[in-house]
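# Structural characterization, general
For reference, the chains in residue letters:
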Amino acid sequence: MAVLISVAIRSVVVGVVVVLLALGTSRTGAAAGPMPAPGYDLTTFATGGRSFNPDSVTSGGGHIFVGYQNATPPDGSAGTSTIVEYGMDAKVARSWTVAGKNDGLRLDPFTGKLWATRNEDANPALTIIDPKTGNKTDYSFPAPPHGGGYDDIAFTRQGTFIVASNPATPGAHLPAVQRVTSLAGGVVGLEPILYDDSAAIDRSSGKTTKLALSDPDSLWITSGGSLALTAQADRQVIFIKHPGSQSQRNEVVNVTTAGAAEELDDSAAVKSRQGFLLVVDHDTNTIYKLTKDGGFHSGPTYSQAPKGSPVAGVVGTFDTRTGKLSPVATGFVNPTGLLFVATGEPSGDDQGDNGGGDHNNQQGGND
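All of these numbers come straight from a predicted model, not from anything done at the bench. (Residues numbered from 1 in each chain as written. Predicted model: local features only at pLDDT ≥ 70, side-chain atom pairs only at ≥ 80, totals over all residues. Heavy atoms only, no water.)

Bringing the overall build of the protein into the picture now. Helix and strand counts for the protein come out as one helix and 29 strands. Relative to its full complement of 367 residues, the protein shows a buried share of 55%. On the protein, roughly 14100 Å² of surface is accessible, and the fraction owed to carbon and sulfur atoms is 53%. (Helix = DSSP H or I, 4+ residues; strand = E, 2+ residues; numbered from the N terminus. Buried < 20%, exposed > 50% of the residue type's maximum accessible area, 1.4 Å probe, protein only. Areas by Shrake-Rupley, 256 points an atom, 1.4 Å probe, with all protein chains shown as cover.)

This is the structure:
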């Protein structure tokens with residue numbers, strides 16, 4: 001039995017290596033930094049100057065916003081982060097300093113305001129920035145019921161949602177995703193819409209399963225308008241249709257690459273043929289621009305595997321029905337931020353939820 005298991009593991013590893021080598025030698029015959037697959041092109045969009053460790057990226061109004069963490073600890077015990085606004089030409093327009101570590105950064109397409117969460121492990125806080133006036137306002141959170149902090153944000157017509165990250169006791173029926181109910185008195189009001197042990201339909205089997213989330217991390221909107229949560233260390237993505245309503249439906253897929261379980265960080269659904277992907281490489285202080293020959297097809301989702309994951313440093317297409325990540329660029333050191341920017345998009349990357357309705361995409365799924 002041990003021999004059979006060993007052979008199976010070697011087969012998976014060999015398959016992964018073959019895929020990565022094919023990508024890494026697609027242009028020069030030798031891997032040298034990030035390398036795109038044939039049909040894609042990768043260039044540098046921007047690099048940090050005095051600010052470093054870029055993480056989250058968002059856009060709106062013809063501008064790109066990047067959160068630089070500046071090696072700050074995730075519990076807010078020291079340091080500051082820098083939010084930098086770029087034009088589409090990658091020139092710096094302005095910047096803001098926020099206390100602690102910025103992790104979640106999203107532009108609200110309904111108000112045009114920029115939301116920056118701080119300290120995803122403990123002592124969480126929120127800063128809302130008005131890019132038009134430059135004003136910023138700080139908000140506090142009530143004591144997190146899950147004992148951790150707050151991370152990524154998503155805006156839909158059904159509300160503003162936020163990830164309850166770093167739970168103290170996973171599996172203890174703790175909130176994993178919450179909806180913002182108010183900002184009254186400078187305090188963020190919240191209500192849970194998904195728990196770490198909520199029921200979900202397994203897309204591979206069609207059976208109902210009980211979640212056991214230990215690492216809720218990223219939020220994103222699928223091409224069909226559903227809210228999606230990436231549970232990074234759990235190697236799962238949970239799709240939340242009609243979030244916060246009586247008809248809410250949770251579905252889950254297990255993430256794999258070349259047949260092996262894989263971790264994801266950010267994901268981005270392509271919603272226009274014209275546009276490009278921005279890939280943030282945290283450890284090299286670089287934001288890359290990924291384009292596709294002939295343009296993208298509306299519908300597919302792209303995701304990234306960060307440092308420390310089984311097949312690290314990869315950006316690829318993500319099949320929302322099967323959970324399979326297929327690499328299209330490799331060689332990143334630690335990709336942690338991902339954004340699709342539609343050419344000429346007017347309001348923001350998080351377009352409002354369409355009520356949870358889905359349509360078929362290029363991956364055979366309904367997201």
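So, on to the environment of F155. Take F155: it is sitting in strand β11 (residues 149–156). In sequence terms F155 and R179 are 24 residues apart; their C-alpha atoms lie 9.8 Å from each other.

Our next topic: the sheet that holds strand β6 (residues 92–99). Here four strands make up an open sheet; going across it, the order is β3-β4-β5-β6 and the pairing antiparallel. Among the strands making up the open sheet, the edge pair consists of β3 (54–60) and β6. Strand after strand, the sheet turns through a mean of 20° between neighbouring axes, direction not considered. Summarising the sheet, β3 and strand β4 (residues 63–68) pair through five bridges and their orientation is antiparallel. Paired with S59 across the strands is I64, a residue of β4. (Pairing = 2+ DSSP bridges. Axes fitted to C-alpha atoms, helices over the stretch in contact; angles between N-to-C directions.)

Both strand β15 (residues 199–202) and strand β20 (residues 249–254) contribute to a ladder of two bridges, which runs parallel. Paired with D202 across the two strands is V252, which belongs to β20. In this structure, strand β19 (residues 236–241) lies alongside β20, joined through six bridges in antiparallel fashion. Among the inter-strand pairings, I240 is bridged to a residue of β20, identified as N250.

As a further point, take the confidence of the model for the protein. Chain-level statistics for the protein give a pLDDT mean of 88 and a share of 85% at 70 or above. Every residue in residues 1–31 is under pLDDT 50, and counting partners more than four places away or in other chains gives 32 contacts. Low confidence marks residues 345–365, where pLDDT is under 50. Its contacts with residues over four positions away, or in another chain, come to 83 contacts. (pLDDT = per-residue confidence, 0-100. Contact = heavy atoms within 4.5 Å.)

Our next topic: the layout of surface pockets. Looking at the largest pocket, its volume works out to about 430 Å³. Around the largest pocket, the lining is made up of 26 residues, and of these D103, E120, D217, Q232 and D265 lie nearest the centre. Those elements giving two or more residues to the lining of the largest pocket turn out to be β3, β7 (102–107), β11 and β17 (216–221). Considered class by class, the residues forming the lining of the largest pocket number four nonpolar, nine polar and 13 charged. (1 Å grid on protein atoms, 1.4 Å probe; cavity = no way out; pocket = protein on both sides within 12 Å on 5 of 7 lines; lining within 4 Å. Points joined across faces, edges and corners; volume = space filled by probe spheres on them. Nonpolar A, V, L, I, M, F, W, Y, C, P; charged D, E, K, R; others polar.)

On to the environment of L213, then. Counting through the fold element by element, L213 comes out in the loop between β16 (208–210) and β17. L213 sits in the buried class, given a relative accessible area of 0%. Considering only alpha carbons, one finds L213 and D196, 17 residues apart in sequence, at a separation of 4.8 Å. Non-local contacts of L213, meaning those with residues more than four positions away in its chain, are made with P170, G171, A176, L194, Y195, D196, L229, A231, D234, Q236 and I238.

Next up on the list: the sheet that holds strand β10 (residues 136–140). The strand order across the open sheet built from four strands is β7-β8-β9-β10, with neighbouring strands paired in antiparallel fashion. Each having just a single partner strand, β7 and β10 make up the two edges of the open sheet. Strand-to-strand twist of the sheet, defined as the mean angle between neighbouring strand axes without regard to direction, takes the value 20°. Across five bridges, the pairing between strand β8 (residues 114–118) and strand β9 (residues 125–129) is antiparallel. Paired with R118 across the bridge in β9 is A125.

Another point: unusual backbone geometry. Even without glycine at this site, R235 takes up a positive phi of about 60°. Among the structural elements, R235 can be located in the loop between β18 (227–231) and β19. Phi is positive for A258, close to 50°, though the residue is something other than glycine. Relative to the elements of secondary structure, A258 occurs in the loop between β21 (256–257) and β22 (260–261).

Our focus in this paragraph is the packing of aromatic side chains. Using the criterion set out here, one finds eight aromatic pairs in the structure. With a centroid separation of 5.4 Å and an interplanar angle of 80°, the aromatic rings of W115 and F155 are classed as edge-to-face. Of the two residues, W115 sits in strand β8 while F155 sits in strand β11, which places them 40 residues apart along the sequence. Taken individually, W115 and F155 each receive the classification buried, so the pair is uniform in this respect. Ring geometry for F141 and Y150: centres 4.5 Å apart, planes at 25°, overall stacked. Note on accessibility: F141 and Y150 belong to one class, buried. Looking at R203, its charged tip hangs above the ring of F239, at a distance of 4.0 Å from the centre. (Phe/Tyr/Trp six-rings, centres within 6.5 Å; stacked < 30°, edge-to-face > 60°. Lys NZ or Arg CZ within 6 Å of the ring centre and 35° of its normal.)

As a further point, take the pattern of salt bridges. All chains considered together, the criterion is met by 10 salt bridges. Residue R203 is joined to E251 by a salt bridge in which the shortest nitrogen-to-oxygen separation is 2.6 Å. With R203 in the loop between β15 and β16 and E251 in strand β20, this pair connects stretches of sequence that are 48 residues apart. Taking the relative accessible area as the measure of exposure, E251 reaches 5% and is therefore buried. When the shortest N-O distance is used, the salt bridge between K241 and E251 registers 3.8 Å. A residue pair is termed long-range when its members are at least 10 positions apart, and K241 in strand β19 and E251 in strand β20 qualify at 10 residues. Using a relative accessible area of 8% as the deciding quantity, one classes K241 as buried. Via salt bridges that share partners, R203, K241, R249 and E251 belong to a single interconnected network. (Salt bridge = Lys/Arg side-chain N within 4 Å of Asp/Glu carboxyl O.)

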